[in-house]
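Listed here are the chains, written in short residue letters.
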Amino acid sequence: MNMKTLEAPNYIGAQRLFILIAGLWVGSLLAVGYLVAPAIFSTMTDRQAAGMVAGSIFRLEAYLSLIVCIGLMVLANLLVNRGLNQFRLIRWLLLIMLLCSIAAAFIFIPWMNTLRDNALAQGMPVMLSPSATLFGRLHGASSILFMLQSILGVYLVWRLTKNRE
């Protein structure tokens, strides 16, 4: 009788797809936050207009992050269910990153947009309005959240590319 040792499939294609998507997503986070936004503010002379453009880009990035993060969480769950336990920690990282995206997309960005729109309706930029202090605090908090998401994203890609031998 021929005895074969059965090995669990390693689902290398799914893992490589996961790494590719995660790398592109984290790259987009880093590009938007640390290249595009500073370039907008250093190029445009009107800070109010620059903030509106940057805010629009960050809103799109937050929505992209929601979609990609949920997709990666589904794929990570499938991989864990198929025995690839190294994706257990990855799921937690993705959950925290998803919470950051939800906070940005549905709390911070809409709140700051409302403050800006209200100030513009009163004929002044938000930083000269009575809401300037609140806007600054919200901007600071959202910046910290984005930095946390960026750091977690770099760690995510670092973990994903770790040699598993």
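Since the structure is predicted, the reported quantities are computational estimates derived from the model, not experimental observations. Throughout, a residue's number is its position along its own chain's written sequence, starting from 1. Thresholds applied to this predicted model are a pLDDT of at least 70 for local features of residues and 80 or more for the giving and counting of side-chain atom pairs; totals over whole chains, interfaces and linings are not thresholded and use all residues. Only hydrogens and water are set aside; all other atoms, that is, all heavy atoms of the structure, feed into the side-chain values.

Note that side chains of opposite charge can pair when their charged atoms are close. In the sections that follow, a salt bridge refers to a side-chain nitrogen of Lys or Arg positioned within 4 Å of a carboxyl oxygen of Asp or Glu. Evaluated as defined, the whole model comprises one salt bridge. The partner of D117 in a salt bridge is R116, and the shortest N-O contact between them spans 3.1 Å. Only protein chains enter the accessibility calculation, which uses a 1.4 Å probe; a residue is then buried when its area is under 20% of its type maximum, exposed when over 50%, and partly exposed in between. A residue is classified by how much of its surface remains accessible, and D117, at 41% relative accessible area, is partly exposed.

One can find Q48 in helix α2 (residues 47-81). Only heavy atoms enter the contact rule, under which two residues are in contact if any of them lie within 4.5 Å. Those residues within four positions of Q48 in sequence are excluded, and the remaining contacts are R116, L120, P125 and V126. In this text, helices come from DSSP runs of H or I with a minimum length of four residues, and strands from runs of E with a minimum of two, each type numbered from the N-terminal end.

Helix packing for two helices is described by the angle between their axes and how far apart those axes are. Where helices are involved, their axes are fitted lines through C-alpha atoms of the stretch in contact, as for all axes, and angles between N-to-C directions lie from 0 to 180°. Between helix α3 (residues 87-121) and helix α4 (residues 132-160), the shortest axis-to-axis distance is 9 Å and the interhelical angle comes to 160 degrees. What the angle tells us is that α3 and α4 run roughly antiparallel. Seen from above, α3 lies across α4 with left-handed handedness. Under this grouping Gly is polar, as are all residues other than the nonpolar Ala, Val, Leu, Ile, Met, Phe, Trp, Tyr, Cys and Pro and the charged Asp, Glu, Lys and Arg. A breakdown of the residues in the contact of α3 with α4 according to their chemical character gives 24 nonpolar, five polar and one charged. For classification, angles of less than 35 degrees are called roughly parallel, those exceeding 145 degrees roughly antiparallel, those between 65 and 115 degrees roughly perpendicular, and all remaining angles oblique. Handedness of a helix crossing follows the sense of rotation of the near helix relative to the far helix, less than a right angle counterclockwise being left-handed and clockwise being right-handed.

For the protein, per-residue confidence averages 93 on the pLDDT scale, and residues scoring 70 or more make up 94% of the total. Scored from 0 to 100, pLDDT records how confident the predictor is in each individual residue. Low pLDDT, under 50, characterises residues 1-6; the predicted model gives this stretch zero contacts beyond four residues in sequence or across chains.

A few words on the layout of surface pockets. In this analysis the probe radius is 1.4 Å and the grid spacing 1 Å, with only protein atoms considered; a cavity is a set of points the probe fits into but cannot get out of, a pocket is an open set with protein on both sides within 12 Å along at least five of seven lines, and lining residues have an atom within 4 Å of a point. Grid points are joined across faces, edges and corners, and a volume is the space filled by probe spheres set on the points. Considering only enclosed or pocket space, the largest pocket measures out at about 850 Å³ in volume. The wall of the largest pocket is formed by 34 residues, among which F58, M112, H139, S142 and S143 lie closest to the centre. Elements that contribute at least two residues to the lining of the largest pocket include exactly α1 (12-43), α2, α3 and α4. When its residues are assigned to classes, the lining of the largest pocket shows 19 nonpolar, twelve polar and three charged.

Quick look at a nonpolar patch on the surface now. Patch membership is restricted to residues that have no salt bridge and whose relative accessible area is over 30%. Joining uses 9 Å for like charges and 5 Å for the nonpolar side chains Val, Leu, Ile, Met, Phe, Trp and Tyr. Here the open area of atoms and residues is found with the Shrake-Rupley method and a 1.4 Å probe, where only the protein chains shown may cover a residue. Among the surface-exposed residues, L60, Y63, L99, I102, F106, I107, W111 and L134 lie close enough to one another that they form a single nonpolar patch of about 760 Å² accessible area. Looking at the nonpolar patch, the elements that each hand over two or more residues are α2 and α3. Broken down by element, the nonpolar patch gets its largest block of residues, five residues, from α3. By the element assignment, Y63 lies in helix α2. For Y63, a relative accessible area of 33% translates into the label partly exposed.

To continue, consider the environment of I102. Secondary-structure assignment places I102 in helix α3. Overall, I102 belongs to the partly exposed group, its relative accessible area being 32%. Counting along the chain gives 36 residues from I102 to L66, while the straight-line C-alpha distance between them is 7.0 Å. Apart from residues no more than four positions distant in its own chain, I102 is found in contact with L66 and I107.

What follows concerns the environment of M44. Along the chain, the position of M44 falls in the loop between α1 and α2. The class of M44 is partly exposed, set by a relative accessible area of 31%. When the C-alpha atoms of M44 and M73 are compared, they prove to be 38 Å apart, with 29 residues separating the residues in sequence. For M44, the contacting residues outside a window of four places in its chain are A49, A50 and V53.

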